[in-house]
Structures are given as C-alpha cells and as structure tokens.
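Here's the letter readout for the chains.
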Amino acid sequence: MARRLAAGNWKMHGLGADLAELEAICGAAGQGCEVLLCLPATLVHRGASTAAGRIAIGGQDCHVMPQGAHTGDVSAAMLADAGASHVILGHSERRADHGETDDIVAAKAQAAQLAGLIAIVCVGETLEERDAGRTLEVVGGQLAASIPEGVDLARLVVAYEPVWAIGTGRTPTESQIAEVHAALREGLAMRFGAVPAGQVPLLYGGSVKPGNAAAIFALPDVDGALVGGASLKAADFAAIIAALAAA
Ligand code: 13P
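Residues numbered from 1 in each chain as written. Predicted model: local features only at pLDDT ≥ 70, side-chain atom pairs only at ≥ 80, totals over all residues. Heavy atoms only, no water.

Undergrad: Mind showing me how you'd approach helix α10 (residues 210–217) here?
TA: Within an α-helix, residues lying three or four positions from one another point in the same direction, as the helix has 3.6 residues per turn. Among the residues of α10, those classed as buried are Ala 213, Ile 216 and Phe 217. Here the buried residues of α10 occupy an arc of 85 degrees about the axis, which is enough to place them on one side. The inward-facing, buried residues of α10 abut α8 (174–192), β7 (202–205), β8 (224–227) and α11 (234–246). (Buried < 20%, exposed > 50% of the residue type's maximum accessible area, 1.4 Å probe, protein only. Helix = DSSP H or I, 4+ residues; strand = E, 2+ residues; numbered from the N terminus. Arc of directions from axis to C-beta. Contact = heavy atoms within 4.5 Å.)

Next comes the structure, spelled out in structure tokens:
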C-alpha cells in the first residue's frame with residue numbers, strides 16, 4: 001500500500017500574514033495520512049520554521065541545475081536548504097505558462113531527487129484531449145516520459161490533474177478518476193514491477209473540496225489529493241485531511 005498524502009498547492013498565493021493559516025493547518029494534521037503544503041518559494045523557509053516538522057513543506061518547481069547563472073530560478077538544493085522535503089514538478093500551469101516538456105520535467109525530477117527531495121510529478125489531459133478520447137494515451141505518455149531513468153521510486157509521487165478540472169469546480173466522474181489511476185498504476189507496474197509501483201502514492205488533483213473528498217478517496221488507487229484553492233483555507237483543507245485520514 002502506498003502512503004496516503006494530503007498535499008496543498010498554494011500556487012502564487014501567500015504572504016507572511018498567511019502563515020497563520022499554515023499554523024491552523026498544522027493543528028489539523030494527525031494520524032492517518034501525511035500532510036504537505038507546497039508554498040511559494042518566498043515562504044518555504046518561514047513555512048518550514050512555522051511547521052517545525054508537524055507537516056511537510058514543499059516547493060512548486062525547481063531548476064534542473066543545482067546552481068548557476070539562471071536569474072530568478074530556484075534550485076532543488078535551495079529548496080531543500082530552506083526546509084522543503086518535496087517539490088511539485090510538471091504542473092499543468094508550468095507546462096502551459098513556461099513551455100515545460102516531459103523531458104524538462106524528467107530532468108527536474110532527477111535534480112530534485114539528487115538534492116534529496118521527493119518529486120511530485122504531475123500529469124493530466126486537456127478537455128480537448130479528453131473529448132477526443134485520448135486521455136489514457138496522453139496521460140500514459142506524460143507518465144512514461146516525465147519520470148527519469150534511474151528514478152528512486154521511494155521518493156516519487158504522481159499526481160493526476162486533468163487540466164479542465166483545475167480551479168473550475170468541475171471534476172471527472174468517479175469512474176473516470178478510477179480509470180486513469182488504474183492506468184497510471186499499471187504504467188508504473190509495467191516499467192518498475194508491481195510491488196514497487198504499488199508503493200508510489202497516486203494523488204488526484206482538480207477542484208477537490210470538503211464536499212467531494214471522501215468519495216474521491218474511496219476510489220481504488222487514489223492515495224490522496226493535490227489541492228489548490230481549498231488548501232488556502234485551513235478549515236477546508238482540514239476537512240479534506242480528515243476525509244483522507246478516515247478513508
Ligand atoms: P484546484 O484545487 O484549485 O482546482 O487546483 C488543483 C491544482 O492545480 C493543485 O495543484
């Protein structure tokens with residue numbers, strides 16, 4: 001069984017004053033699942049200090065190089081140094097806004113693991129791709145190409161985030177989520193073997209809210225969630241954490 005993980009992604013939200021919300025989220029963490037908040041780079045150090053080990057803190061992207069002349073970028077080693085244990089890679093917003101390809105995501109995942117971080121590799125289809133019946137092909141292709149050779153599966157998490165479900169209030173049906181998660185597990189099993197593949201947490205992301213979390217967490221091969229908007233409010237994220245812990 002994979003570990004269960006309730007992961008929040010604050011995206012480009014969060015100032016020092018919002019650490020009060022993080023403090024409240026720490027209070028909601030308990031037995032039953034791991035809790036992670038992926039903060040903007042400017043808050044990683046303060047967030048890790050505030051959390052003091054009660055929840056894990058992550059970044060939202062890293063450069064492929066450990067250091068160098070890359071103005072404005074942040075390396076995996078820098079995130080780790082600031083107190084992060086995880087980093088989100090290949091989020092659809094990075095793929096769309098910054099032209100990140102599967103090859104770049106794979107290189108970033110390798111860099112993240114070299115720095116000791118757990119890499120959360122994101123995959124997901126657009127609405128156009130789903131409507132064309134290409135979901136499994138697209139997601140399977142992203143999975144295969146975004147996970148580097150020599151990956152350490154013990155430090156890998158995969159997140160399925162349909163692009164059309166992010167921030168829209170729309171979610172796939174339960175059978176659509178289950179179908180993709182089964183395909184992801186199968187894709188990992190074909191490449192790495194069933195037992196190691198079974199230990200990689202598979203997260204669902206896209207409009208996860210307190211009201212739909214329990215039904216999503218009851219699905220096979222769903223080991224947790226990557227939560228955007230609902231992770232900004234401690235009360236909402238606490239309800240999602242509780243639903244996962246009870247699943
Ligand atoms: P929402 O939960 O706001 O739909 O965002 C999902 C997401 O992109 C998490 O990475």
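Undergrad: In this structure, what is going on with the pattern of salt bridges? I would like to understand it.
TA: By the definition in use, this model includes 14 salt bridges. With a closest N to O distance of 3.2 Å, Asp 61 and Arg 94 form a salt bridge. Within this pair, whereas Asp 61 is found in the loop between β3 (56–59) and α3 (76–82), its partner Arg 94 is found in helix α4 (residues 92–98), the two being separated by 33 residues in sequence. A relative accessible area of 22% places Arg 94 in the partly exposed class. Two residues, Arg 95 and Asp 102, come together in a salt bridge whose shortest N-O distance is 2.5 Å. For Arg 95, a relative accessible area of 14% gives the class buried. What emerges from the salt-bridge pattern is a single network uniting Asp 61, Arg 94, Glu 100 and Lys 108. (Salt bridge = Lys/Arg side-chain N within 4 Å of Asp/Glu carboxyl O.)

Undergrad: Can you walk me through the site of the ligand in this structure?
TA: Around the ligand sit 13 residues in total, of which Lys 11, His 91, Gly 167, Ser 207 and Gly 229 are the nearest. Side-chain polar atom of Asn 9 to an oxygen atom of the ligand: 3.0 Å apart, as the coordinates give it. Protein contact buries 97% of the 300 Å² of open area that the ligand shows by itself. Grouping the amino acids of the shell around the ligand by side-chain chemistry returns four nonpolar, seven polar and two charged. (Near = heavy atom within 4 Å. Polar contact = N/O pair within 3.5 Å; in protein donor to acceptor, adjacent residues only side chain to side chain. Areas by Shrake-Rupley, 256 points an atom, 1.4 Å probe, with all protein chains shown as cover. Nonpolar A, V, L, I, M, F, W, Y, C, P; charged D, E, K, R; others polar.)

Undergrad: Quick question: what am I supposed to make of the pairing of strand β5 (residues 118–123) here?
TA: The two faces of a sheet get side chains in turn, since along a regular strand they alternate between them. Of all six residues in β5, six are buried; the element is thus mostly enclosed. Both faces of β5 are covered, namely the face carrying Ile 118, Ile 120 and Cys 122 and the face carrying Ala 119, Val 121 and Val 123. As paired elements, strand β4 (residues 86–89) and β5 share four bridges and run parallel to each other. Its bridge partner being in β5, Leu 89 is matched across the sheet by Val 121. In this sheet, strand β6 (residues 156–160) lies alongside β5 in parallel orientation, the contact comprising five bridges. Residue pairing across strands places Ala 119 opposite Leu 156, the latter belonging to β6. (Pairing = 2+ DSSP bridges.)

Undergrad: What am I meant to see in the sheet that holds β7 here?
TA: The strands making up a sheet associate through backbone hydrogen bonding, with each pair oriented either parallel or antiparallel. Read around the closed barrel, eight strands run β1-β2-β3-β4-β5-β6-β7-β8, paired in parallel fashion. Direction aside, the axes of adjacent strands within the sheet are offset by 25 degrees on average. Bridge count between β7 and β8: three bridges; the pairing is parallel. Bridging from a neighbouring strand, Tyr 204 pairs with Ala 225 of β8. Where helix α7 (residues 135–146) meets the sheet, it contacts β5 and β6, and its direction lies at approximately 155 degrees from that of β5. Contacting β5, β6 and β7, α8 runs over the sheet at an angle of about 150 degrees to β7. (Axes fitted to C-alpha atoms, helices over the stretch in contact; angles between N-to-C directions.)

Undergrad: I'm lost on the packing of helix α5 (residues 102–114) against α7 in this one. Help?
TA: Packed helices, taken two at a time, are described by their axes: the angle between them and the distance between them. One way to put it is that α5 packs onto α7 with a least axis distance of 8 Å and a crossing angle of 45 degrees. When the interaxial angle is binned, α5 and α7 end up oblique. The crossing of α5 and α7 is right-handed. Across the interface between the two elements, Asp 102, Asp 103, Val 105, Ala 106 and Ala 109 of α5 pack against Gly 141, Gln 142, Ala 145 and Ser 146 of α7. Split by residue class, the contact of α5 with α7 holds four nonpolar, three polar and two charged. (Parallel < 35°, antiparallel > 145°, perpendicular 65-115°, else oblique. Left-handed = near helix turned anticlockwise from the far one by under 90°.)

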